[in-house]
Amino acid sequence: MSLKSERRGIHVDQSELLCKKGCGYYGNPAWQGFCSKCWREEYHKARQKQIQEDWELAERLQREEEEAYASSQSTQGAQSLTFSKFEEKKTNEKTRKVTTVKKFFTASSRTGAKKVAQEKVVKQGQLGRERNADNILRDLKEIFTPSWELASPTEAEIQEAKAPSPSINRQASIETDRVSKEFIEFLKTYHKPGQDIYKQCKLFLDTMNHKRDLSIEEQSECAQDFYQNVAEKLQTRWKAPPEKVEKAMDQIEKYIMTRQYKYVFCPETTDDEKKDLAVQKRIRALHWVTPQMLCVPVNEEIPEVSDMVVKAITDIIEMDSKRVPRDKLACITKCSKHIFNAIKITKNEPASADDFLPTLIYIVLKGNPPRLQSNIQYITRFCNPSRLMTGEDGYYFTNLCCAVAFIEKLDAQSLNLSQEDFDRFMTGQTSPKKQESDSWSPDVCLGVKQMYKNLDLLSQLNERQDRIVSEAKKLEKDLIDWTDGVAKEVQDIVEKYPLEIKPKNQALAAIDSENVENDKLPPPLQPQVYAG
């Protein structure tokens, strides 16, 4: 889907929201522009082609292995042919005699069992040479057989599923119990079909509990196939009208996904969490984007419009708290309706699609919903496909996917900015100029004025901090240069005037000490008394 930046703002043709195969349903970027139905058809075609190629490879490997084994056996058989015939004749004769005697003393059933055991021993050698090729074929079948066929349990697996396990017997949450009771009460209105639906749902949940090792794409295929099979039975076998089919499918989805949510939402085997962090970081970096840059036709100075914007942000954030894909879609739908109402109040006329998408992008940037990519992937994988292909839910969800794709690829041209300004805004060196307080109308809320004043002050402080950091780095460089210069001068002086260390002189004796070695010293002075 190509998003274009025009003078009027962000524009997307409504035809680009539809499936690129031309079936008339809504497409999805997660399905490469296809709708759910066409995407599954393309996926199965590619998968069947891969299965056929791998199957042919396995058969070729099996034939080569059998030929190699046959050639090795023929070489050995030519050398011991005569001896083998003699041993075979002797063994058969001995076996016949032993069997004839045992018939008189052994029950026929035991004889039959023994014969079967002997046949198994004989066949074991024949099966040995085919074991490797059969293992290859079996492994390929398990890998490439459609996931729903693999998920179909046998009678033994059904009995095993009925046995208690820690995951199934864990204490259910309050919400799970409530949903289960509501589902049972709902199915009572369907009588016999309701019992069959409940059995199929339980069997599906037990099957999914035993298939935790499947990839998230294969689990999604299981769920989509299950939805399709149940819907077809409701329409063809039980002749339910479309309204009852839709209600039943909503209840089935709610019952199943409430129990499967903790296993299939943002699983560790995918990179959903990594994408969530990347989108959050991207939205935080775009905090400076203003409604004017996106050409958003919404005036938040109007109290009613401001309330609608707050409700829209609340709805898009609340989407993460829901466990059922349909409930998450309902949050997107409520958010979109609040956006349409805000545009209608601002323009005093019905909103158009060209007005809706820029406003939705602005709401996503302002709200920064948690785990946005995980929620989109969860809806795409496990929602009832009919909801994503048609109706207002599918339309709003497709627009949300387009909004996220636009945010991920947003550049200077999309906002009608120069590349230099865009880079400065992204790095935080500066921010777009805010409206001066003096130009506000008297009716504007004082809190809004104070908010913009604080933003201007923060912008100035940011510039001052950048200057201080720059000067500090310069001072640090000057100090390093000065230290290096002084050290160099000291080294030059030391090299020019090297330090000479002279030998230590002998210590002088004290004057009043006994002078044994030198008697030439004068005697000490004696005190004299003078009469005066």
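Please refer to the structure higher up on the page.
Because the structure is a prediction, the values reported are computed rather than measured. (Residues numbered from 1 in each chain as written. Predicted model: local features only at pLDDT ≥ 70, side-chain atom pairs only at ≥ 80, totals over all residues. Heavy atoms only, no water.)

Draft legend 1. Representation of the overall build of the protein within the structure. Scanning the protein for helices and strands turns up 20 helices and 2 strands. Going through the 532 residues of the protein one by one, you find that 33% of them count as buried. Across the protein, contacts joining residues at least 24 apart in sequence account for 73% of those joining residues at least 6 apart. Accessible surface, the protein as shown: approximately 35,200 Å² in total, 54% of it carbon and sulfur. (Helix = DSSP H or I, 4+ residues; strand = E, 2+ residues; numbered from the N terminus. Buried < 20%, exposed > 50% of the residue type's maximum accessible area, 1.4 Å probe, protein only. Contact = heavy atoms within 4.5 Å. Areas by Shrake-Rupley, 256 points an atom, 1.4 Å probe, with all protein chains shown as cover.)

Draft legend 2. Up close: the pattern of salt bridges. Applying the stated rule across the entire model yields 18 salt bridges. The partner of Lys-322 in a salt bridge is Glu-318, and the shortest N-O contact between them spans 3.6 Å. Residue classification places Lys-322 among the partly exposed residues on the basis of a relative accessible area of 26%. We classify Glu-318 as partly exposed; its relative accessible area is 29%. Taking the shortest distance from any N to any O, the salt bridge between Lys-347 and Glu-349 comes out at 3.5 Å. (Salt bridge = Lys/Arg side-chain N within 4 Å of Asp/Glu carboxyl O.)

Draft legend 3. Examining a nonpolar patch on the surface more closely. A cluster of nonpolar residues, Met-451, Leu-455, Leu-457, Leu-458 and Leu-461, forms a patch on the protein surface that exposes about 450 Å² of accessible area. By the secondary structure assignment, Leu-458 is in helix H20 (residues 446–496). (Patch = residues over 30% accessible without salt bridge, like charges linked within 9 Å, V, L, I, M, F, W, Y side chains within 5 Å.)

Draft legend 4. Molecular detail of the nonpolar core. Grouped together as the largest cluster of nonpolar side chains are 52 residues, with contacts concentrated most on Leu-294, Ile-332 and Ile-363. When contributions to this core are tallied by element, the ones reaching two or more residues are helix H11 (272–285), helix H12 (291–294), helix H13 (303–318), helix H14 (325–347), helix H15 (353–367), helix H16 (372–382), helix H18 (391–408) and helix H19 (419–427). No other element matches H18, which puts 10 residues into this core. Discounting chain neighbours no more than four positions away, the residues touching Ile-332 are Ile-316, Met-319, Ile-379, Tyr-396, Phe-397 and Leu-400. Counting 32 residues, the second-largest nonpolar core is a separate cluster that includes Met-208, Phe-226, Tyr-227 and Ala-240. (Core = buried A, V, L, I, M, F, W, Y, C linked by side-chain atoms within 4.5 Å.)

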